[in-house]
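Each chain, letter by letter, is given below.
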Amino acid sequence: MGKINIGILTGSLRRESYSKKTGLYVAGILPEDFAAEWIDLSGLPLYNQDYDDEGNPPREWQVFRQKIKKMDGFLFVTPEYNRSVTAALKNALDVASRPFGQNAWNGKPGAVISVSPGKLGAFGANHHLRQPMVFLNIPLLQQPEVYLGGIAELFNDRGELTDRGTGEFLQTFADAFARWVRTWVKAAGE
Ligand SMILES: Cc1cc2nc3c(=O)[nH]c(=O)nc-3n(C[C@H](O)[C@H](O)[C@H](O)COP(=O)(O)O)c2cc1C
């Protein structure tokens, strides 16, 4: 049997993004039967329904939609912008949800991690992100919830996670996420 493919989507386009570092860290601790790929959102044009209505979607949308369709599940790592999800991440959800009736996310399992240098761990973004997931039919892992506050103190200058407790917690999360995704992959094959 082939590997279980996970798309890692991170909500910040910043070069030194903690969301990306966190996503890549979790990608590295998933079980061996998983293959995780970080999906770059930086070149994805803003969603404009005209392009779909006219049957002329940008090439970047087409590539992105195909990539999402090939995945078995998704890990979303979101920072918080003004107590909500970033435009980059919401745009990605919108782009792959269309054209109408061709929702590429449909029925694929996912999980949310939120990160912030602040103390609240981007709770607002984490829960705003959960709202469109209901409509997009992305069944989300409920527990453990992951709100990582003080994220700037958890990585060293080389971008390595140095906080042992966070590493252990993320391993617990990764194991639960893997179980969650396997359940849905198995159900999809029945
Ligand atoms: C426009 C903007 C709004 C922000 N709003 C929040 C916020 O509401 N809550 C928060 O915890 N941090 C906020 N921040 C700080 C981000 O958490 C911080 O820049 C973080 O490093 C972004 O994630 P990244 O490291 O993945 O780029 C904001 C940053 C920007 C640029």
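About the criteria used
Residues numbered from 1 in each chain as written. Predicted model: local features only at pLDDT ≥ 70, side-chain atom pairs only at ≥ 80, totals over all residues. Helix = DSSP H or I, 4+ residues; strand = E, 2+ residues; numbered from the N terminus. Rg over C-alpha atoms; globule rule 2.2 N^0.38 Å. Buried ≥ 20, exposed ≤ 12 C-beta atoms within 10 Å, placed from the backbone. Contact = placed C-beta atoms within 7 Å. Expected span 1.5 Å × (residues − 1). Core = buried A, V, L, I, M, F, W, Y, C linked by C-beta atoms within 7 Å. Near = placed C-beta within 6 Å. Nonpolar A, V, L, I, M, F, W, Y, C, P; charged D, E, K, R; others polar.

Q: Explain the overall build of the chain to me, please; I cannot follow it from the model alone.
A: A tally of helices and strands in the chain yields 6 helices and 5 strands. If you list the helices and strands of the chain from N to C, you get β-α-β-α-α-β-α-β-α-β-α. In terms of overall size, the chain behaves like a compact globule, its C-alpha atoms giving a radius of gyration of 16 Å where 190 residues would be expected to give roughly 16 Å. Taken along its principal axes, the extent of the C-alpha atoms in the chain is 50 × 40 × 25 Å. Among the 190 residues that make up the chain, the fraction classed as buried is 34%. In the chain, the proportion of contacts linking residues at least 24 apart, taken out of those at least 6 apart, comes to 78%.

Q: Before we go on, may I ask you to explain helix α6 (residues 164-189) in this structure?
A: For α6, built from 26 residues, the straight-helix expectation of 38 Å at 1.5 Å per residue is met to within 8% by its first-to-last C-alpha distance of 37 Å. Looking at α6, one finds that the buried residues are L170, F173, A174, F177, A178 and V181. In this structure, the buried side of α6 is in contact with β1 (4-10), α1 (18-28), β2 (34-38), β3 (73-78), β4 (110-115) and β5 (146-148).

Q: Whenever I open this one, unusual backbone geometry confuses me. Can you help?
A: With the exception of glycine, most residues fall at negative phi, and the peptide bonds are largely trans. For the bond from R98 to P99, the omega torsion is 0°, close enough to zero to count as cis. Topologically, P99 is positioned in the loop between α4 (87-96) and β4. Of note, the amide linkage connecting Q143 to P144 takes the cis form, showing an omega dihedral of 0°. Assignment of secondary structure puts P144 in the loop between α5 (123-136) and β5. Phi angles above zero are rare outside glycine, and N82 is one such case at about 50°.

Q: Could you clarify how one ought to interpret the nonpolar core in this entry?
A: One broad trend across soluble globular proteins is that nonpolar side chains are buried collectively. Within the largest apolar cluster, 42 residues are counted, with the highest numbers of intra-cluster contacts made by I6, L75, F76 and F177. With 6 residues, the single largest contributor to this core is α6. Beyond its immediate chain neighbours, meaning those up to four positions away, F76 contacts L9, L89, G110, V112 and L129.

Q: What's the story with the environment of F155 in this structure? I'm lost.
A: Along the polypeptide, F155 turns up in the loop between β5 and α6. The class of F155 is partly exposed, set by 18 C-beta atoms lying within 10 Å. Remark: the alpha-carbon pair of F155 and S114, spanning 41 residues in sequence, is separated by 15 Å. Not counting chain neighbours up to four residues away, the residues in contact with F155 comprise Y18, K21, E160, L161 and T162.

Q: Please explain the site of the ligand as it appears in this structure.
A: Taken together, 15 residues are adjacent to the ligand, and S12, S17, S19, P79 and S116 come closest. Grouping the amino acids of the shell around the ligand by side-chain chemistry returns 6 nonpolar, 6 polar and 3 charged.

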